[in-house]
Amino acid sequence: MKIIEIVYLVVQILAVVLFVGSVQLKKKKNILLCQTFASFCYAGAYFINGGYSGMCTELLEQTENFSFWCFERKDKKIPIGFLIFFLVLLCGCAVVTYNGIFSLIPYVINIVYF
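Residues numbered from 1 in each chain as written. Predicted model: local features only at pLDDT ≥ 70, side-chain atom pairs only at ≥ 80, totals over all residues. Heavy atoms only, no water.

*Asks:* Please set out the confidence of the model for the protein residue by residue, giving values where relevant.
*Replies:* On average, residues of the protein score 87 in pLDDT, and 100% of them reach the 70 mark or higher. Of all the helices and strands in the protein, helix H5 (residues 105-113) carries the lowest mean pLDDT, 82, while helix H1 (residues 3-22) carries the highest, 92. (pLDDT = per-residue confidence, 0-100. Helix = DSSP H or I, 4+ residues; strand = E, 2+ residues; numbered from the N terminus.)

What follows is the structure, encoded as structure tokens:
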């Protein structure tokens, strides 16, 4: 087994442990923090494996989640322009990282989930 494959597996296992472990936490801030670290691990694993569409999706998703959390923490409503900005950014990343129809799957899932 090559060293890069070992690093990939370790990062994936760490991401899964962090994500599953986050549901055991009590405070919303700690849950978000743990899931953010898990998402960065997933993005790193996608990068190692050459899945740039998945990496961009993970990074944009975490940026979006953190921004929404900041609005929610201040008891403010999320502006519609902010939502449109993230959708346009997501579509832009889909165009830039296009590598066949299967590279669009992470973006379509994220837009539907949005």
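*Asks:* Lay out the environment of Ala 45 in plain terms, naming residues and giving numbers.
*Replies:* Position of Ala 45 relative to the elements: it lies in helix H2 (residues 28-49). Along the backbone, Ala 45 and Leu 9 are 36 residues apart, and their C-alpha atoms lie at a distance of 8.1 Å. Each residue touching Ala 45, except ones within four places of it in the same chain, is listed here: Tyr 8, Val 11 and Gln 12. (Contact = heavy atoms within 4.5 Å.)

*Asks:* Let's hear about the packing of helix H3 (residues 52-73) against helix H4 (residues 80-96): which residues, and what values?
*Replies:* Relative orientation of the contacting elements H3 and H4 amounts to 175°, with a least axis distance of 10 Å. The angle between H3 and H4 places the two elements in the roughly antiparallel class. Contact residues: H3 offers Cys 56, Leu 60, Thr 63, Glu 64, Ser 67, Phe 68 and Phe 71, while H4 offers Phe 82, Leu 83, Phe 86, Leu 89, Leu 90 and Cys 93. (Axes fitted to C-alpha atoms, helices over the stretch in contact; angles between N-to-C directions. Parallel < 35°, antiparallel > 145°, perpendicular 65-115°, else oblique.)

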